[in-house]
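# Tertiary structure, described
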Amino acid sequence: MNDALITVIGFVAAEPHFEVLSSGTALMSLRIGSTPRRFDRDLGQWRDEDPMFLTVTCWRSLATNLQEVDLKRGDPVIVTGRLRLREYAKDGQTRFSAQIEATTVGHDLSRGVARLQRSQRSAVNLAEDRRQADDVADRWIEAEERTDGTEELTPQVAGGADESDETTEPPAFRAVA
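This structure is a prediction, so every number in the text was calculated from the model and none was measured.

## Some remarks on the side chain of Thr55
Mapped onto the elements, Thr55 comes out in strand β6 (residues 52-59). Taking the relative accessible area as the measure of exposure, Thr55 reaches 17% and is therefore buried. What Thr55 contacts, discounting residues up to four positions off in sequence, is Ser29, Leu30, Arg31, Ala98, Gln99 and Ile100.

The structure is reproduced here in structure tokens:
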């Protein structure tokens, strides 16, 4: 494969956006900024050059793991991935946008400390995952429909606090996507 792989050291420039697409694929999109510094020999001091901002796209387990890390604006990061140049038209002019399809993202440890918590891959079970997601969505709907003014949700998702009652029927009302 002849992809242009790059590594950018910078900072999170805006709050990352995480979503799960209709196909069930996790996606995280974030903006990173990188400001090169050069030593100006004439002035005898360091000088910041023009900042560069890139959109970073993270897919599947990388997106899910980054969601768990809870990246915030200003966090120092190192991103490696495939460089993608996107051409678009704005105000009648052709413009270009540089993007990175990330293969790895991590905190820049020259600026702080981090601890790795290994993630566990689970077997793909789309039907069960969808059922659990429907159960959670149903509880939000049921809470909105209550007329007594309370909106307390009870944790009944599989793996929740009470797994002893395996005969519990799912609610009759089902949300349809």
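## Focus on the pairing of β6
With 8 bridges joining them, strand β3 (residues 26-34) and β6 adopt antiparallel strand pairing. Paired with Gly33 across the two strands is Phe53, which belongs to β6. Of the pairings in the sheet, the one linking β6 to strand β8 (residues 93-107) comprises 3 bridges and is parallel in character. Opposite Val56, over in β8, you have Ile100 as the bridge partner.

## With respect to the nonpolar core
Core analysis: the biggest nonpolar cluster contains 18 residues, and Ile32, Val56, Cys58 and Val79 have the highest contact counts within it. Those elements that provide at least two residues to this core are β1 (5-12), β3, β6, α1 (60-69), β7 (76-90) and β8. The element best represented in this core is β3, accounting for 4 residues. In contact with Cys58, other than residues within four places in its own chain, are Ala26, Leu27, Met28, Leu30, Ala63, Leu66, Ala102 and Val105.

## Focus: α1
Residue pairs spaced three or four apart in an α-helix point in one direction, given the helix's 3.6 residues per turn. All buried positions along α1 are accounted for by Leu62, Ala63 and Leu66. In a view along the axis of α1, the buried residues occupy a sector of 100°, so they form one face of it. For α1, the exposed residues set more than 90 degrees away from the buried face come down to Arg60 and Glu68. Considering only its buried residues, α1 is in contact with β2 (17-20), β3, β6 and β8. With its phi angle positive at about 65°, Asp70 sits one or two positions after the end of α1.

Calculation criteria
Residues numbered from 1 in each chain as written. Predicted model: local features only at pLDDT ≥ 70, side-chain atom pairs only at ≥ 80, totals over all residues. Heavy atoms only, no water. Helix = DSSP H or I, 4+ residues; strand = E, 2+ residues; numbered from the N terminus. Buried < 20%, exposed > 50% of the residue type's maximum accessible area, 1.4 Å probe, protein only. Contact = heavy atoms within 4.5 Å. Pairing = 2+ DSSP bridges. Core = buried A, V, L, I, M, F, W, Y, C linked by side-chain atoms within 4.5 Å. Arc of directions from axis to C-beta.

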